[in-house]
Amino acid sequence: MSAERSIARRMLANRAFLALCLAATTAAMLILAVLLVSIFAQGWDGLSWSFMKSLPSRKAEKAGIWVALIGSLWVCAICALVALPLGVATALYLEEFARKSRLTRLIQTNIMNLAGVPSIVYGILGLTAFARMFGLFGTNRDEALTFGDPESLFFVRLPFGSSVLSGGLTLMLVILPIVIIATQEALRAVPSSLRSGALALGATPWQTAWGITLPAAVPGIMTGSILAMSRAIGESAPLLVLGGALFVSGAPDNLMSDFAILPLQIYNWASRPQESFHAIAASAIIVQLVALLLFNGIAVFIRQKLQKPLQ
Amino acid sequence: MTTLRTNPQLGNLAQLGRPRSAGSRRIRERAILFSLWLATAFSVAVTATIIVVLAKETIGFFEFEEVTLGEFFGSLEWNPLLGAEKHFGIWPLVSGTLLIAAIAASFALPLGLIAAIYLSEYASPRVRATIKPALEILAGVPTVVYGFFALTAITPLLQRIDPELFGSYNALSAGLATGIMILPIVCSLSEDALRAVPRSLRDGAFALGGTRFDVSVKVVVPAALSGIVAAFLLAISRAVGETMIVALAAGGVAQVTANPAAEVQTMTAYMVQIFLGDAPAFGVEYKSSYAVAATLFVMTFVLTMIGQLVLRRFREEYD
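Calculation criteria
- Residues numbered from 1 in each chain as written.
- Chains lettered and ligands numbered in written order.
- Predicted model: local features only at pLDDT ≥ 70, side-chain atom pairs only at ≥ 80, totals over all residues.
- Helix = DSSP H or I, 4+ residues; strand = E, 2+ residues; numbered from the N terminus.
- Rg over C-alpha atoms; globule rule 2.2 N^0.38 Å.
- Buried ≥ 20, exposed ≤ 12 C-beta atoms within 10 Å, placed from the backbone.
- Contact = placed C-beta atoms within 7 Å.
- Nonpolar A, V, L, I, M, F, W, Y, C, P; charged D, E, K, R; others polar.
- Axes fitted to C-alpha atoms, helices over the stretch in contact; angles between N-to-C directions.
- Parallel < 35°, antiparallel > 145°, perpendicular 65-115°, else oblique.
- Core = buried A, V, L, I, M, F, W, Y, C linked by C-beta atoms within 7 Å.
- Left-handed = near helix turned anticlockwise from the far one by under 90°.
- pLDDT = per-residue confidence, 0-100.

Visitor: Provide a residue-level description of the overall build of chain A, including the pertinent values.
Guide: Helix and strand counts for chain A come out as 11 helices and two strands. Scanning chain A from its N terminus toward the C terminus, one meets helices and strands in the order α-α-α-α-α-β-β-α-α-α-α-α-α. The C-alpha atoms of chain A give a radius of gyration of 25 Å, which is well past the 19 Å a tight globule of 311 residues would have. The principal-axis extents of the C-alpha atoms in chain A amount to approximately 85 × 60 × 35 Å. Counting over 311 residues, chain A shows a buried share of 42%. Put simply, 76% of the contacts in chain A that link residues at least 6 apart link residues at least 24 apart.

Okay, structure coming up:
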């Protein structure tokens, strides 16, 4: 009798918990839906070709996102070009070459910590290390060392100032630990029989890592890197510290140009009191979300098409 | 060996490039290994530079005569920009940060964990395959978008519920938006931890007559507890360091309060205010942002370290 009652009670608990689970998951999905619907409702009407192509303006009706869009592309390209090789190299060293010593464990913990550092702190680091270069070249912009013609593509200025280069490098700092951790996981998933086989055939450790292990890990590395890049295109706090929210009149034409980026343009418009600016902020968010979906879509595609079973 | 040497063809083959390339190959490998080592050293240098920069500028801040260490940790007032008398007590900013993080955590941790249990223990593969990518998208949404959502959707909703209580900036709205931001982190990391629990544990519990609820809550969750706690800590440290949402929706009044309807300023929001404003680069207000950044860095550092420790010390090994 009591056993039966206990079973009935536990079945009831099970069903109640399932209902709770469904409610929680539905709530989470509903939030995503409300978020998307509210943004599309506010911003859909403002989307037009001229909105994409227009320069920033003091009037909401005339303002566009062209400068910010191109700025975002520049910054993300620089970020990817530096972060990916650096991150993959670090992960290769830690996974394939470093001895499992206390020092290696310490470096590993350090990378975990870097992944947890708030992005705005990286902004301060970027401001000090890249934009001002620790004051090594003086603190005034006029004192900067310049190389080449300011109009040309190859113009370089030391320190970098609030330029696209500083911005890209600062974002690189933010996503570097993510790239390292993702690459390490991808390398760890490569079965060790592949390495043993290569080594047994007389390949050196580097030939094994470069020719066998790394190619086998490429789908994992690419998925992780694309997700890291989708973090980078949305990251705005560190570049705000760097001075990226200021009014910029044109798209960058070399590494030392001032820049605006899309998320900061959104912040700038959203923080104004006028409704008309909120509307164009919503339109800009739609563009930003489409870019994000594109990145995620590519990552999912790669994961599903390229990942071959290795065991 | 001798037969090899006497055979002219094979002898030739054995010598082909071997002595020369072995040496140059070793040098090449050394060089490559060294460059990989340099890349690894870079990540250590980043940490070192963060610490040195923050420490140096914070010391510079405390060298101003209007600032004392006692006031920084003892005073409940923070008003470096307004008023004739400036006060530099860190607690209002810490309190604002913790209030936002607490609201976010009390919303996202239970919801995220329950959704994770559902996905890992109850949901069919097809349901999982649709919800997981949706969560990944939610995880990738830029934080400024959540800030905009707080400002244009959550705050108006709160104001409709109680127009007297909620102003256009309040902690609850920013906290809820931050909660939505960390929800996917909590959910997907907890789910990873739950799925890592070996199947044999579940089979054993089912064999003893447990319902699915008994198995997931009394066996699987305790077995994955270290991973779940680590996920919680990571999510909280993200909420503590969140910048754009609070800069948009929480307001700008630094005060010690536990009232979710109040305007608060977090550490990150103060830094935004300073770096966006025209505070001269050498004044005490400007330098104060570095002291705030150092405090923030220490807080998230401690959270991450505890998370690492929990993962390492309390992991249940079943294999």
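Visitor: A description of the overall build of chain B should follow, citing residues and the corresponding values.
Guide: Counting secondary structure elements, chain B contains 14 helices and zero strands. In chain B, the order of α-helices and β-strands from amino to carboxyl end is α-α-α-α-α-α-α-α-α-α-α-α-α-α. Over its C-alpha atoms chain B spans a radius of gyration of 28 Å, topping by over 25% the 20 Å that the globule rule assigns to 319 residues. Overall, chain B is about 100 × 65 × 35 Å in size when its C-alpha atoms are taken along their principal axes. Across the 319 residues of chain B, 46% fall into the buried class. Here the contacts in chain B between residues at least 6 apart in sequence split such that 71% fall between residues at least 24 apart.

Visitor: Requested: an account of the interface of chain A and chain B, with residues and values cited.
Guide: Accessible area lost upon the coming together of the parts serves often as the stated size of an interface. Each side of the interface is counted separately: chain A has 69 residues, and chain B has 64 residues. Element by element, the count of residues in the side of chain A that touches chain B is highest for helix 1 (residues 2-43) of chain A, at 19 residues. Split by residue class, the side of chain A that touches chain B holds 48 nonpolar, 19 polar and two charged.

Visitor: How would you sum up the environment of A:Ala217? Please name residues and give values.
Guide: Residues and elements named next belong to chain A. Tracing the sequence through the fold places Ala 217 in helix 8 (residues 205-234). Judged by local crowding, Ala 217 falls into the buried class, with 25 C-beta atoms found within 10 Å. In this structure the C-alpha to C-alpha distance between Ala 217 and Leu 187, which are 30 residues apart in sequence, comes to 5.5 Å. Apart from residues no more than four positions distant in its own chain, Ala 217 is found in contact with Ala 186, Leu 187 and Val 190.

Visitor: Tell me about the packing of helix 1 of chain A against helix 10 (residues 212-223) of chain B, and please be specific about residues and values.
Guide: Axis separation between helix 1 of chain A and helix 10 of chain B bottoms out at 8 Å; the angle between their running directions is 75°. Here helix 10 of chain B runs roughly perpendicular to helix 1 of chain A, going by the angle between their axes. Listed contacts from helix 10 of chain B to A:Arg10, A:Ala13, A:Asn14 and A:Phe17 of helix 1 of chain A are B:Arg212, B:Phe213 and B:Asp214.

Visitor: Lay out the nonpolar core in plain terms, naming residues and giving numbers.
Guide: One broad trend across soluble globular proteins is that nonpolar side chains are buried collectively. A:Ile175, B:Ile100, B:Ala177 and B:Val186 are the most contacted members of the largest nonpolar core, which totals 190 residues. Ranked by residue count, the leading element in this core is helix 5 (residues 91-122) of chain B, at 19 residues. When sequence neighbours within four positions are dropped, the list of residues in contact with B:Val186 reads B:Ala108, B:Leu109, B:Gly112, B:Leu113, B:Ala231, B:Phe232 and B:Ala235.

Visitor: Describe the packing of helix 1 of chain A against helix 5 of chain B, listing the residues and the values that go with them.
Guide: Axis angle and axis distance: for two packed helices, these are the angle between their axes and the distance between the axes, and together they describe the pair. Where helix 1 of chain A meets helix 5 of chain B, the axes come as close as 8 Å, and the angle between the chain directions of the two elements is 115°. With respect to helix 5 of chain B, the element helix 1 of chain A is oriented roughly perpendicular. Along this stretch, helix 1 of chain A crosses helix 5 of chain B, giving a crossing that reads as left-handed. Touching A:Leu18, A:Leu20, A:Cys21, A:Leu22, A:Ala24, A:Thr25, A:Ala27 and A:Ala28 of helix 1 of chain A are B:Leu111, B:Ile114, B:Ala115, B:Ile117, B:Tyr118 and B:Tyr122, all from helix 5 of chain B. Residues belonging to the contact of helix 1 of chain A with helix 5 of chain B are distributed by class as follows: 13 nonpolar, one polar and no charged.

Visitor: Go over unusual backbone geometry with me, naming the residues and quoting the values.
Guide: What you tend to see is this: most non-glycine residues have negative phi, and most peptide bonds are trans. In the Ramachandran plot, A:Met133 falls in the positive-phi region, its phi being about 50° despite a non-glycine side chain. Summarising the element assignment, A:Met133 is placed in the loop between helix 5 (119-131) and strand 1 (145-147).

Visitor: Let's hear about the environment of A:Ser72: which residues, and what values?
Guide: Residues and elements named next belong to chain A. Along the polypeptide, Ser 72 turns up in helix 3 (residues 66-97). Between the C-alpha atoms of Ser 72 and Gly 167, which are 95 residues apart in sequence, the distance is 9.6 Å. Sequence-distant contacts of Ser 72, defined by excluding residues within four places in its chain, comprise Ile 233, Ile 261 and Leu 262.

Visitor: Please set out the environment of A:Gly197 residue by residue, giving values where relevant.
Guide: Residue and element names in this part refer to chain A. Along the chain, Gly 197 turns up in helix 7 (residues 192-200). Judged by local crowding, Gly 197 falls into the partly exposed class, with 13 C-beta atoms found within 10 Å. Considering only alpha carbons, one finds Gly 197 and Ser 54, 143 residues apart in sequence, at a separation of 58 Å.

Visitor: Can you tell me about helix 5 of chain A, naming the residues and giving the values?
Guide: All names here are of chain A. For helix 5, a buried count of 12 out of 13 residues is recorded, marking the element as mostly surrounded by other parts of the structure. Three or more residues of helix 5 are buried, namely Ser 119, Ile 120, Val 121, Tyr 122, Gly 123, Ile 124, Leu 125, Gly 126, Thr 128, Ala 129, Phe 130 and Ala 131. Taken from the residues just after helix 5, Met 133 is the one with a positive phi, measuring 50°.

Visitor: Please set out the confidence of the model for chain B residue by residue, giving values where relevant.
Guide: All names here are of chain B. On average, chain B scores 86 in pLDDT, and the residues at 70 or more come to 91%. Counted against residues more than four places away or in other chains, residues 1-17, with its pLDDT under 50, gives four contacts. Listed scores for the predicted complex are pTM 0.88 and ipTM 0.88.

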